[in-house]
Structures are given as C-alpha cells and as structure tokens.
Amino acid sequence: MKIENQLTLKQLRAFAAVYRHGKLASAAEELGVTQSAVSVLIRQVEETLNTRLFDRTTRSLVPTSAAEEAFGIAERILEDVATLGSNFRDLSEGSRGRVRLAATPGTAVAILPKTARRFSRRYTNIELVLDDCAPNQFLPLISSDRVELGIGVPAPAGTEFDSRPILEDRMLLVCAADHPFATEDQVRWADLKGVPLIAFRNGYGVRQLLDATVMKAGFEPRIVHEVGFLDTAAWMAASGLGVTILPAALARLRAGNGLVTRPLVEPEVKRTMALVTKKGRSLSPPCKLFVDMLLEDIAAAAEQH
C-alpha cells in the first residue's frame, strides 16, 4: 500500500487521544482544541492510511483492528518525540550536558578549584571535563574542537581565536625565608641582575613575561634551573637554589612553608588571563553556566585581595 501523504505529529496526537478516550469530546479537551478539529484530524489520518480506524456508535468511537495495530506504533513515535524534546530542553537550559575546557596545570590549580567544586555540586547532571595540557597544546586543543573553551594567556591577535580577558595577575618574586630579598618590602626587576633564577621553560606565559621584562631592563637573566611545574619551582626556591617569579594567584598557593613573596616593581608587571575560544563558535548552555560561575568567583577573589 502506497501512502501518498505523510502523517503529522498533530494527527498522531489526535489519533492517540481518541484511541485512549473513545470520545471526541474527551480527546478535544486533552488536546485543547474543538471536537470538530479532532474529527477532521482523525479523518485525515484515515485518508492517509486508506483505512478505517474507528467504528462510530451513538456514544463512542470503537477502535478497529487497524487502530489496535497502529496505536502501539503511534505511541512509540510520540514518546520518542517527547524524549527528544525533553533532551534538547535540558541541554538548552543547562540541566545536563558537558563542559569541555583546557588549561595548563598551573592555571588550573590557581583559578579553577573553587569554581569546579561549586559547579559540580550545583549542576550534578553536567560533566566537567578538563584537559590539563602543556602550553604548546593549549591552542591546538581549541582549534581542533577537542575542547570548547580554554583558560589561559590570550591568543595572538589575527589568529583563529577570540580572547576575553578575565583576570590580571601581578607578578611576584618568591624566595626562601632566609634569602636577602625576604627582608625587603619590594624588589625591583633591576635587582634581579646576576641573581640565580628558577624559571619556567620557554613557551610558558610566565617565562615570556620574564624574558620581555628583563630585556627592557637591559640585562640577561641568570637562569640556573628551568622547570615545568609549580611545585618544582616552589621546593627549589625553598631549598635556596634560586628565586622564582610567579603570578600572585600561583604564589599564594605556596606562600609559607619556608617561602615568602615580595612585589616586583619598576615596572609592575601583570599577567593577563583570558577565556579563549575558536572564532565564530558559540558556547553551549552548560559552558555558559560554567563561565558565569567562574567570573563570579574571580570577582569575589579580587574583592578579598
């Protein structure tokens, strides 16, 4: 049998309602339409299927054998449509879904713990997936769509990325409590000339700031150790193997335990952190919820300091 026309969801809903109630009036009340509208919809279904679905009596509509067979199929279709609509609604409202983001380990530990904890508790049906990457992997992860969002140093201008600054973090000197700098209220960049430095490897944003600032100050830094991890820089500095330079958010995590921090001045240097996305890509509702909470937490932390 060839069906020339396609059934609509409106027609299927009318058929299912009449099947369940056996009366046009009750079906019309459920659907919020008139009895005549329901009658027209049932007639359209019968014409499309080229078969009678209900036998009319004086008091009700009695399903035919064709209707008995068709009802199960119609009910499954309507249930699938309802589930699909519910799923999309949950996604659009942020009731469930996934947040995929990238950040270097240092950035993650300095910025994300409070937000990650609050977010996972409030949005229990949203999965938070963090790719803790090396600096040279940060932009490729965003470019390849493996993550939706990156939190790190702004992308270079004129690239395929958009950067939204969210935080400016002052650079601090970190040294052992018995280091000569520990007795100073602040340290000038020029005072670092000839001082053993523990620096992050090339490619890290902090290293780029260090190199650019000492170049402007007119001297070559005396880098005695290159590291890739915050904890390594911290224990080396605490052991007296040199001083290190960290953004304030990272420096605060390791203050104490034999370490002190001092402001670096002349000039005062700040590291900008940004939300980095691929140009032309909109954030998903779950990701927007995460970003909003992150900005709340950054603003609250700024007020405390």
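Residues numbered from 1 in each chain as written. Predicted model: local features only at pLDDT ≥ 70, side-chain atom pairs only at ≥ 80, totals over all residues. Heavy atoms only, no water.

A. Representation of unusual backbone geometry in the model. For the peptide bond that leads from Glu266 to Pro267, omega is 5 degrees, which places it in the cis range. Relative to the helices and strands, Pro267 resides in the loop between strand 11 (259-265) and strand 12 (270-278). With a phi close to 55 degrees, Asn50 is a non-glycine residue in the positive phi region. Assessed through its relative accessible area of 62%, Asn50 is described here as exposed. With a phi close to 55 degrees, Glu266 is a non-glycine residue in the positive phi region. Position of Glu266 among the secondary structure elements: in the loop between strand 11 and strand 12. (Helix = DSSP H or I, 4+ residues; strand = E, 2+ residues; numbered from the N terminus. Buried < 20%, exposed > 50% of the residue type's maximum accessible area, 1.4 Å probe, protein only.)

B. Looking closely at the pattern of salt bridges. The tally for this structure, following the rule as stated, stands at 14 salt bridges. For Asp145, the salt bridge identified is with Lys278, shortest N-O distance 3.5 Å. Taken together, the positions of Asp145 in the loop between helix 7 (135-143) and strand 5 (149-152) and Lys278 in strand 12 put the pair 133 residues apart, joining distant regions of the chain. The class of Lys278 is buried, set by a relative accessible area of 17%. Salt bridges sharing common partners tie together Arg118, Glu296 and Asp297. (Salt bridge = Lys/Arg side-chain N within 4 Å of Asp/Glu carboxyl O.)

C. The arrangement of the packing of helix 2 (residues 24-31) against helix 3 (residues 35-49) in detail. The geometry of helix 2 relative to helix 3 is characterised by a closest axis approach of 8 Å and an angle of 100 degrees between their N-to-C directions. Looking at the two axes, helix 2 sits roughly perpendicular to helix 3. Seen from helix 2, the contacting residues are Leu24, Ala25, Ala27, Ala28 and Leu31; seen from helix 3, they are Gln35, Val38 and Ser39. Counted by class, the contact of helix 2 with helix 3 contains 6 nonpolar, 2 polar and no charged residues. (Axes fitted to C-alpha atoms, helices over the stretch in contact; angles between N-to-C directions. Parallel < 35°, antiparallel > 145°, perpendicular 65-115°, else oblique. Contact = heavy atoms within 4.5 Å. Nonpolar A, V, L, I, M, F, W, Y, C, P; charged D, E, K, R; others polar.)

D. Main features of a nonpolar patch on the surface. Where nonpolar side chains cluster on the molecular surface, the patch consists of Leu9, Ile73 and Ile77 and spans about 220 Å² of accessible area. Position of Leu9 among the secondary structure elements: in helix 1 (residues 9-21). Here Leu9 falls in the partly exposed class, since its relative accessible area comes to 34%. (Patch = residues over 30% accessible without salt bridge, like charges linked within 9 Å, V, L, I, M, F, W, Y side chains within 5 Å. Areas by Shrake-Rupley, 256 points an atom, 1.4 Å probe, with all protein chains shown as cover.)

E. Representation of the packing of aromatic side chains within the structure. Applying the stated criterion across every chain, the model contains 7 aromatic pairs. Arranged with centres 6.3 Å apart and planes meeting at 55 degrees, the rings of Phe15 and Tyr19 form a pair that is tilted. One end of the pair, Phe15, and the other, Tyr19, are both in helix 1, 4 residues apart, so they sit about a helical turn from each other. Residue Phe15 shares its accessibility class with Tyr19, and that shared class is buried. Arranged with centres 5.3 Å apart and planes meeting at 80 degrees, the rings of Phe119 and Phe290 form a pair that is edge-to-face. A residue pair is termed long-range when its members are at least 10 positions apart, and Phe119 in helix 6 (residues 113-122) and Phe290 in helix 11 (residues 285-304) qualify at 171 residues. (Phe/Tyr/Trp six-rings, centres within 6.5 Å; stacked < 30°, edge-to-face > 60°.)

F. Highlighting the confidence of the model for the chain. Predicted confidence across the chain gives a mean pLDDT of 88, with 93% of residues reaching 70 or more. Mean pLDDT across the secondary structure elements of the chain bottoms out at helix 4 (residues 65-93), with 75, and peaks at strand 7 (residues 187-188), with 95. (pLDDT = per-residue confidence, 0-100.)

G. Looking closely at the environment of Val195. Mapped onto the fold, Val195 is located in the loop between strand 7 and strand 8 (196-200). The buried category is assigned to Val195, whose relative accessible area is 12%. Residues Val195 and Pro221 lie 26 residues apart in sequence; the distance between their C-alpha atoms is 7.8 Å. For Val195, the residues in contact, after removing those within four places along its chain, are Phe181, Arg222 and Val243.

H. Seen up close, the side chain of Thr64. Tracing the backbone shows Thr64 in the loop between strand 2 (61-63) and helix 4. Leaving out residues up to four positions away in the same chain, Thr64 has contacts with Arg52, Leu53, Phe54 and Asp55.

I. Fine view of the nonpolar core. In this structure, Leu173, Phe181, Trp189 and Leu192 are the most contacted members of the largest nonpolar core, which totals 35 residues. Apart from the residues lying within four places of it in its own chain, the contact partners of Leu192 are Leu173, Phe181, Val187, Phe219, Ile245 and Leu264. Counting residues in each nonpolar core, the second largest holds 22 residues, with Ala28, Phe54, Ala67 and Leu78 among its members. (Core = buried A, V, L, I, M, F, W, Y, C linked by side-chain atoms within 4.5 Å.)

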